[in-house]
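Analysis of the macromolecular model
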Amino acid sequence: MKIAIIEDENLASSYLKSILERQTILSISEIYILKSVKNATIFFKENSVDLAFMDIHLGDGKSLDIFEQTTISCPVIFITAYDSYAVKVFKHFTIDYLLKPYAEEELLESLMKYKNIKDTFNPVLIVKSLTEIENKNNIQYNFLVNHRDKLISINDSTIAYFFATGKHLFIHTNTGHSYLYNNNLKDLVNTIDSVLFFKVSRKYIINRNHIQEIVKHNSQKIEILLNVTLPDSDPLILSKKEISNFKNWLNS
């Protein structure tokens, strides 16, 4: 059988692929890794698989966009960072779901479930369930990171800011911990909660709940002070063109 993994985090896709390659429940001949809505849409227009694993949020959009642009006739197991409220919806409309971070045993259970109920797959219901979830206002997001020899999940409410330096991106929490995150600031902007987070500069995306003070130096310069320690001494200065967007964001 053939399997497609639609996942833009290298760490997450490698983890899933390694388990699939060594499991004995299904006989797998091909595993395709697709990292974006665009790539997945092109792939499914020309190819078919027996089972697909899909992350909900991708760098260029959401998995729902794939269903709207092409036909997917195979069962789907969602890999999601949604909270338990949203997961209840997936449980009713998909083959299964995996809530990050998931253990190998959970994945194997999903594969067994696939063998038993694969014929009940209905893509129309999947689109419906995804639409319902996207319309909820109380969804929380989790970020999967590699910490020592484990994969851990960081809830967005605990993140004070994202910090980019060189080719690396770090998550800094409100407890003072820092974690390397496999993404970049440009792509991250398209997937995070735009009400909670704002991209201040090429280095920082900040959480509104950690803004301590806003200093107006003049009509073209605003400095943001956070209630947490920053990794460098450079002040958080908004560019002139971002001041209006920042004010609108604060009022949202």
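This text follows the structure it describes.
Here's a quick rundown of the structure. All values reported here derive from a predicted model rather than from experimental measurement.

Here we come to the pattern of salt bridges. Scanning all chains against the criterion turns up 4 salt bridges. As a salt-bridge pair, arginine 22 and glutamate 104 come within 2.7 Å of each other at their nearest N and O atoms. Of this pair, arginine 22 sits in helix H1 (residues 10-22) while glutamate 104 is found in helix H5 (residues 104-117), placing the two residues 82 residues apart along the sequence. On the basis of relative accessible area, arginine 22 is assigned to the partly exposed category, the value being 49%. In this structure glutamate 104 comes out as partly exposed when scored by relative accessible area, which is 26%. Across the pair lysine 203 and aspartate 234 runs a salt bridge whose closest N-O atoms are separated by 3.1 Å. With lysine 203 in the loop between strand E13 (197-199) and strand E14 (204-207) and aspartate 234 in the loop between strand E16 (221-226) and strand E17 (236-238), this residue pair connects regions lying 31 residues apart in the sequence. Residue classification places lysine 203 among the partly exposed positions, given a relative accessible area of 32%. Through salt bridges with shared partners, a single network forms among Lys203, Asp232 and Asp234.

Inspection of the secondary structure assignment puts threonine 80 in strand E6 (residues 76-80). For threonine 80, a relative accessible area of 0% translates into the label buried. For threonine 80 and proline 101, which are 21 residues apart along the polypeptide, the C-alpha to C-alpha distance reads 9.0 Å.

Mapped onto the secondary structure, phenylalanine 162 falls in strand E10 (residues 159-165). The buried category is assigned to phenylalanine 162, whose relative accessible area is 0%. Between the C-alpha atoms of phenylalanine 162 and tyrosine 181, which are 19 residues apart in sequence, the distance is 9.1 Å. Apart from the residues within four sequence positions on either side, phenylalanine 162 is in contact with Phe143, Leu169, Phe170, Ile171, Leu185, Leu188, Ile192, Phe197, Lys203, Tyr204 and Ile205.

For threonine 41, the position within the fold is in helix H2 (residues 37-46). For threonine 41, a relative accessible area of 4% corresponds to the buried category. From its side chain, threonine 41 meets the backbone oxygen of valine 37 in a polar contact 2.7 Å long. Once you skip the residues sitting within four places of it in the chain, threonine 41 turns out to touch Ile66, Gln69 and Thr70.

Right, let's get into the packing of aromatic side chains. Under the definition given, this model contains 11 aromatic pairs. Centre to centre, the rings of tyrosine 32 and phenylalanine 43 are 5.0 Å apart; their planes meet at 50°, and the pair counts as tilted. Here tyrosine 32, found in strand E2 (residues 30-34), pairs with phenylalanine 43, found in helix H2; they are 11 residues apart in sequence, far enough to count as distant. Residue phenylalanine 43 is classed as buried on the basis of its relative accessible area of 9%. Between phenylalanine 143 and tyrosine 181, the ring centres sit 5.5 Å apart and the planes meet at 80°, which makes this aromatic pair edge-to-face. Highlighted residues: phenylalanine 143 in strand E8 (residues 142-147) and tyrosine 181 in strand E12 (residues 178-181), separated in sequence by 38 residues. Chaining the aromatic ring pairs together yields one cluster made of Phe143, Phe162, Tyr181 and Phe197. Lying over the aromatic face of tryptophan 249, arginine 208 brings its terminal NZ or CZ to 4.4 Å of the ring centre.

Parameters at a glance
- Residues numbered from 1 in each chain as written.
- Predicted model: local features only at pLDDT ≥ 70, side-chain atom pairs only at ≥ 80, totals over all residues.
- Heavy atoms only, no water.
- Salt bridge = Lys/Arg side-chain N within 4 Å of Asp/Glu carboxyl O.
- Helix = DSSP H or I, 4+ residues; strand = E, 2+ residues; numbered from the N terminus.
- Buried < 20%, exposed > 50% of the residue type's maximum accessible area, 1.4 Å probe, protein only.
- Contact = heavy atoms within 4.5 Å.
- Polar contact = N/O pair within 3.5 Å; in protein donor to acceptor, adjacent residues only side chain to side chain.
- Phe/Tyr/Trp six-rings, centres within 6.5 Å; stacked < 30°, edge-to-face > 60°.
- Lys NZ or Arg CZ within 6 Å of the ring centre and 35° of its normal.

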